[in-house]
Amino acid sequence: YFCRHGERWELQLKGSGKTPYSRNGDGRAVLPSSVREFLCSEAMHYLGIPTSRAASLVVSDDDVWRDQFYNGNIKKERGAIVLRLAKSWFRIGSLEILTHSGELDLLRRLLDFIIQEHFPSIAMNDSNRYLEFFSTVVSETANLIALWMSVGFAHGVCNTDNFSLLSITIDYGPFGFIDSYDPNFVPNTSDDERRYKIGNQANVGLFNLSKLLQALKPLLDPRQKELASQILEGYGEHYYSRFTELFKTKLGLLGENENDNFLIAFLLKVSLLC
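Residues numbered from 1 in each chain as written. Predicted model: local features only at pLDDT ≥ 70, side-chain atom pairs only at ≥ 80, totals over all residues. Heavy atoms only, no water.

(A) Broad picture of the layout of surface pockets. Estimates place the volume of the second largest pocket at around 230 Å³. Taken together, 14 residues form the lining of the second largest pocket, with Y181, Y239, Y240, F243 and L268 sitting closest to its centre. Of all the secondary structure elements, the ones that give two or more residues to the lining of the second largest pocket are helix 5 (201-216), helix 7 (235-251) and helix 8 (260-273). Here the residues of the lining of the second largest pocket are counted per class, giving ten nonpolar, four polar and no charged. (1 Å grid on protein atoms, 1.4 Å probe; cavity = no way out; pocket = protein on both sides within 12 Å on 5 of 7 lines; lining within 4 Å. Points joined across faces, edges and corners; volume = space filled by probe spheres on them. Helix = DSSP H or I, 4+ residues; strand = E, 2+ residues; numbered from the N terminus. Nonpolar A, V, L, I, M, F, W, Y, C, P; charged D, E, K, R; others polar.)

(B) Focus on helix 2 (residues 92-100). Among the residues making up helix 2, those that are buried are I92, G93, S94, L95, L98 and T99. The elements touched by buried residues of helix 2 are helix 3 (104-118), helix 4 (129-150) and helix 5. (Buried < 20%, exposed > 50% of the residue type's maximum accessible area, 1.4 Å probe, protein only. Contact = heavy atoms within 4.5 Å.)

(C) Just the domain arrangement of the protein chain, in detail. Under the domain assignment used here, the protein chain contains domain 1 (10-86) and domain 2 (92-251). A C-alpha centroid distance of 23 Å is found between domain 1 and domain 2. Listed as interface residues are 17 residues of domain 1 and, on the opposing side, 17 residues of domain 2. Carbon and sulfur atoms make up 64% of the surface buried where domain 1 meets domain 2, a total of about 1,400 Å² over both sides. The tally of links from domain 1 across to domain 2 stands at one salt bridge. Among the ionic pairs, R84 bridges to D171, the shortest N-O distance being 3.2 Å. Connecting domain 1 to domain 2 are six residue pairs in polar contact (both at pLDDT 80 or more). Of all the elements in the fold, those that place two or more residues in the side of domain 1 that touches domain 2 are strand 1 (10-14), helix 1 (31-46) and strand 4 (75-86). If one sorts the elements of the side of domain 1 that touches domain 2 by residue count, helix 1 sits on top with five residues. The class makeup of the residues in the side of domain 1 that touches domain 2 is seven nonpolar, five polar and five charged. (Domains from an automatic or database assignment. Buried area = accessible area lost by both parts, 1.4 Å probe. Salt bridge = Lys/Arg side-chain N within 4 Å of Asp/Glu carboxyl O. Polar contact = N/O pair within 3.5 Å; in protein donor to acceptor, adjacent residues only side chain to side chain.)

(D) Geometry of the nonpolar core. Ranked by size, the top nonpolar core spans 59 residues in total, and within it L95, F133, W148 and L212 carry the most contacts. Residue contributions to this core peak at 13 residues, all from helix 4. Ignoring sequence-local partners within four residues, the contact set of F133 consists of L95, L111, I114, I115, F119, I122, L165 and L216. (Core = buried A, V, L, I, M, F, W, Y, C linked by side-chain atoms within 4.5 Å.)

(E) Focus on helix 4. End to end, helix 4 covers 31 Å across 22 residues, agreeing with the expected 32 Å (1.5 Å per residue, within 8%). For helix 4, the tally of buried residues reaches 17 of 22 residues, placing the bulk of the element in the interior. Backbone geometry just downstream of helix 4 places G152 in the positive-phi region, at approximately 70°. (Expected span 1.5 Å × (residues − 1).)

Pasting the structure below:
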């Protein structure tokens, strides 16, 4: 799909029924979660957070059965379909599955396609293009999660299938916003281990990027593997730098001061106690 500005967007239906990726699910979506996805993706866009967009929401006459709180209490809900848009729906898992199944030729062709279509700054004849690609995804993922934190957003299912290779927010299943800072806030009622609590999202990002590196390793030579590991080690510094920059902007702090980080941490703690 091409918009009037000449940009290409990929369309995707959520809740339209089973696909080859539905596993044991029915591929349907219910009205409340569909409304939440529509509203949140648009809100995130206007908050300046890289995200997929929602073009339309259609209510279905079909009934959908759901165990909303995973307690065995199944209820009938009204179905809905959301038409979603993004520049690309490729995820870390899109590459991970190919490496896992040993389809390395397809992995290389898919990765070259993604780079050619969505990473114009990377030259296709560059022998280090996969390394450059990885470096870009690492820095942009750190930037994305720092932006999430700056608006108090927590993604409820941060696995590799829900992390975009274009570092945009995708798949608004369980999610939430915090009113006051609480690093233990969990937006997903089924996350009993609190794996995706808001205070752990940056660490989950690092975990997913390490999985991306594992997926890319068959295409890298020994020197590139070493450099890629160094790039991954720099993720934490990049995230922390962006996080600090965003919060300093919120507070109107100018220049550099060694007490800036202390002030940010102090104010977050005060918010937690309020």
